[in-house]
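# Coordinate analysis (summary)
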Amino acid sequence: MKKILVTGGSGYIGSHTCIELLNAGFDVIVVDDFSNSVAEAINRVEKITNKKITFHQVNLLDKKSLNNVFHQEENIHAVIHFAALKAVGESVAHPLEYYTNNITGSLNLFEVMKNHNVSNIVFSSSATVYGDPETTPIKENAKIQATNPYGHSKVMMEQILIDTNIAHQWGVVILRYFNPVGAHPSGKIGEDPEYPNNLLPFVSQVAAGIREQVTIFGDDYQTPDGTGIRDYIHVVDLARAHVKSIEKLNTSPKQTHIFNVGTGTGYSVKQIIETFRRISGKKIKTVIGPRRPGDIAECTADTSLANKELNWHAEFGLKEMIESAWKWQSTHPNGYKS
Ligand code: UFG
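Residues numbered from 1 in each chain as written. Predicted model: local features only at pLDDT ≥ 70, side-chain atom pairs only at ≥ 80, totals over all residues. Heavy atoms only, no water.

Secondary structure assignment for the protein chain yields eleven helices and 14 strands. What you see for the protein chain is a C-alpha radius of gyration of 19 Å, in line with the 20 Å of a compact globule of 338 residues. Here the protein chain holds 338 residues, and the buried ones make up 52% of them. Across the protein chain, the fraction of contacts at a sequence separation of at least 24, relative to all contacts at a separation of at least 6, is 80%. If the 33 positive side-chain charges of the protein chain are averaged to one point and the 35 negative ones to another, these points end up 4 Å apart. (Helix = DSSP H or I, 4+ residues; strand = E, 2+ residues; numbered from the N terminus. Rg over C-alpha atoms; globule rule 2.2 N^0.38 Å. Buried < 20%, exposed > 50% of the residue type's maximum accessible area, 1.4 Å probe, protein only. Contact = heavy atoms within 4.5 Å. Lys, Arg positive; Asp, Glu negative; His and termini not counted. Charge placed at Lys NZ, Arg CZ, Asp CG, Glu CD.)

Encoded structure:
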């Protein structure tokens, strides 16, 4: 069985991807430092799949320990690289911490991969690299214009991988995620943020009575109801795109591939909240606040390239996204601590 090393494998998207990898028959090695995740996520992935994960608690800035992992784990077929800091606002306040973690951590990883002749990688990028797009839906060849240190770090890592492909013929798949939401249908794993910065986890916590109200960040955008439109993608669909990417590295090796991962359909903040009310049956109090700095009116994906080249299609719609998010939230009011 092929071995896949997953950095950040106990995090939100990482843990869901581990399930899909194990179900597809891969051996999974997780490297995570638990800076934004817990060991319980790995335990649950093992329970859901009835399969074992090999785990190493290592921070990517600790190159020596990372090197030991690659030394111990021979014949790694590919790396899926999730481990990174990801809060946009925090990245503006602490750019050096973000660049050190995301860039230096990634460079350590890539150098260790090179030293151990591991030359296949799937990289977790973001629609944030498009900044405020000129048109939507966005195609992969749209202008790259990130607007904050988090986004810049993603742009830089994409470039480092593109250059490494050119120099060393690595197989590279860059996945640009739109807005990942929802949880595994089992309700056993899900997003567990310390503080919810994103819309869906925030709305979930309001529905659960943990927070009082949702502030809608602006209702004066040039959109039908005035609130921001995003392309929400079910985390299980997103996880499956990673398995398809590993397959792509086999059928089309030594190349760089870049794919948007979204559904192609946009929903406004008001539509999300209204759907959440309907599905949960809960009252969700809202207030209109000012626009959040850096936010854009609309961001949706043109997914035709991933549909064609990866043979991947989003299977779940908004209903499944919100049902699964609510199943996780309502059974785990305190996340994994519940
Ligand atoms: N929003 C609110 N209230 C909230 C939180 C969000 O109204 O409490 C609105 C935002 O203004 C936006 C929409 O809900 O219109 C979605 O906001 P999120 O914070 O959930 O997601 P973003 O689109 O801002 O950002 C996400 C990821 C980034 C990634 C980006 C790519 O968090 O990491 O998508 O588009 F870079």
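Each domain of the protein chain was delimited in the assignment, giving domain 1 (3-182 + 232-262) and domain 2 (199-229 + 265-307 + 317-337). The straight-line distance from the C-alpha centre of domain 1 to that of domain 2 is 25 Å. Listed by partner, the interface residues are 23 residues for domain 1 and 21 residues for domain 2. Roughly 1,900 Å² is buried in total at the junction of domain 1 and domain 2, and carbon and sulfur atoms are behind 64% of that figure. Looking at the side of domain 1 facing domain 2, the largest losses of area belong to Arg 44, Tyr 232 and His 234, adding up to 31% of the total buried there. On the surface where domain 1 and domain 2 come into contact, there are one salt bridge. A salt bridge links Asp 302 to Lys 139, with the shortest nitrogen-to-oxygen separation between them at 3.0 Å. For the pair domain 1 and domain 2, the interface holds six residue pairs in polar contact (both at pLDDT 80 or more). Secondary-structure elements contributing two or more residues to the side of domain 1 that touches domain 2 are α2 (39-49), β10 (232-234) and β11 (256-261). (Domains from an automatic or database assignment. Buried area = accessible area lost by both parts, 1.4 Å probe. Salt bridge = Lys/Arg side-chain N within 4 Å of Asp/Glu carboxyl O. Polar contact = N/O pair within 3.5 Å; in protein donor to acceptor, adjacent residues only side chain to side chain.)

Attention now goes to the site of the ligand. Near the ligand you find 17 residues, and of these Asn 198, Leu 199, Arg 230, Arg 292 and Asp 295 are the closest. The separation between an oxygen atom of the ligand and a polar side-chain atom of Asn 198 is 2.7 Å. At a separation of 2.5 Å, an oxygen atom of the ligand approaches a polar side-chain atom of Asp 295. When isolated, the ligand has an accessible area of 680 Å², and the protein chains bury 90% of it. In terms of residue count, strand β8 (residues 214-217) provides more of the shell around the ligand than any other element does, three residues in total. Here the residues of the shell around the ligand are counted per class, giving seven nonpolar, seven polar and three charged. Both domain 1 (3-182 + 232-262) and domain 2 (199-229 + 265-307 + 317-337) contribute no fewer than three residues apiece to the shell around the ligand. (Near = heavy atom within 4 Å. Areas by Shrake-Rupley, 256 points an atom, 1.4 Å probe, with all protein chains shown as cover. Nonpolar A, V, L, I, M, F, W, Y, C, P; charged D, E, K, R; others polar.)

Bringing the pairing of strand β4 (residues 76-81) into the picture now. Burial within β4 is extensive, with six of its six residues counted as buried. With five bridges joining them, strand β1 (residues 3-7) and β4 adopt parallel strand pairing. Directly across from Leu 5, in β4, lies its bridge partner Val 79. Looking at chain direction, β4 and strand β5 (residues 120-126) are connected through three bridges and run parallel. Bridge assignment links His 81 to a residue of β5, and that residue is Phe 123. (Pairing = 2+ DSSP bridges.)

Sheet architecture is open: seven strands sit in the order β3-β2-β1-β4-β5-β6-β11, paired in parallel fashion. This sheet does not close on itself; its edge strands, each paired only once, are β3 (54-57) and β11. Averaged over all pairs of adjacent strands, the angle between strand axes in this sheet comes to 15°, irrespective of strand direction. Lying over the sheet, helix α1 (residues 12-23) contacts β1, β2 (27-32), β4 and β6 (171-177), oriented at roughly 165° with respect to β2. The strands touched by helix α6 (residues 149-168) are β5, β6 and β11; relative to β5, the strand with the most contacts, the crossing angle is about 155°. (Axes fitted to C-alpha atoms, helices over the stretch in contact; angles between N-to-C directions.)

What follows covers α6. Along its 20 residues, α6 runs 28 Å from first to last C-alpha, staying within 8% of the 28 Å computed at 1.5 Å per residue. Three or more residues of α6 are buried, namely Pro 149, Tyr 150, Gly 151, Ser 153, Lys 154, Met 157, Glu 158, Leu 161, Thr 164 and Asn 165. For α6, the secondary structure elements touched by its buried residues are α4 (88-93), α5 (95-115), β5, β6 and β11. With its phi angle positive at about 55°, Gln 169 sits one or two positions after the end of α6. (Expected span 1.5 Å × (residues − 1).)

Next up on the list: the sheet that holds strand β9 (residues 229-230). Here we have three strands laid out as an open sheet, ordered β12-β9-β14, and mixed in their pairing. The sheet terminates laterally at β12 (267-268) and β14 (298-299), the two strands that pair on one side only. Bridge analysis of β9 against β14 gives two bridges, and the strand direction is parallel. Note on β14: the bridge partner recorded for Ile 229 is Glu 298.

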